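# Structure assessment
These are the residues of each chain, in order.
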Amino acid sequence: MTKEIDLYHMIYESNLESKLEQILIGLTKDSQSPEIEEAIRKFLLFVQHASENFWETFHNAKTYQERLECYYQFSKNQCLAAEVLIGDLDSVSSELDIKENLSSMLKESFTF
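Presented here is a report on the structure given in the accompanying data block.

Below, the discussion takes up the packing of aromatic side chains. In this structure the tally under the stated criterion is 6 aromatic pairs. Ring geometry for Phe54 and Phe74: centres 5.2 Å apart, planes at 40°, overall tilted. Of this pair, Phe54 sits in helix H3 (residues 34–60) while Phe74 sits in helix H4 (residues 64–109), placing them 20 residues apart in sequence. Take Phe54: its relative accessible area is 10%, and that puts it in the buried class. A ring pair is formed by Tyr71 and Phe74, whose centres lie 6.5 Å apart and whose planes are at 45°; its orientation type is tilted. Taken together, the residues span about one helical turn, with Tyr71 and Phe74 both in helix H4 at a distance of 3 residues. Residue class for Tyr71 comes out partly exposed when judged on its relative accessible area of 49%. Taken together, the ring pairs in this structure connect Phe54, Trp55, Phe58, Tyr71 and Phe74 into an aromatic cluster. One cation-aromatic arrangement involves Arg67 over Phe58; the distance from NZ or CZ to the ring centre is 4.7 Å. The cationic tip of Arg67 hangs over the ring face of Tyr64; the distance from NZ or CZ to the ring centre is 5.8 Å.

Conventions used here
- Residues numbered from 1 in each chain as written.
- Predicted model: local features only at pLDDT ≥ 70, side-chain atom pairs only at ≥ 80, totals over all residues.
- Heavy atoms only, no water.
- Phe/Tyr/Trp six-rings, centres within 6.5 Å; stacked < 30°, edge-to-face > 60°.
- Helix = DSSP H or I, 4+ residues; strand = E, 2+ residues; numbered from the N terminus.
- Buried < 20%, exposed > 50% of the residue type's maximum accessible area, 1.4 Å probe, protein only.
- Lys NZ or Arg CZ within 6 Å of the ring centre and 35° of its normal.

Structure, rendered in structure tokens:
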């Protein structure tokens, strides 16, 4: 239970856009898979790092154009993080489907 609370706390602390936050919370609630939780944690850490880099670069920017470029790069990094998360979730769901199929095949093969 503490892992779930920690993950919810990480989602909240990431200051994500509300739609993305809702998706991640729903995914966390609906998933009992540690692999999915790990994929979400990886995503949140990447977003946190990108956000920290954004603010550091933003404060060092001297013009509005540099600040806009900084924001543009931050947005691209968030898109990249979402793409990686989607790939990780696809990989995990494929593995879980394979495990489920193998499990049911084993059960059927041992049923007389």
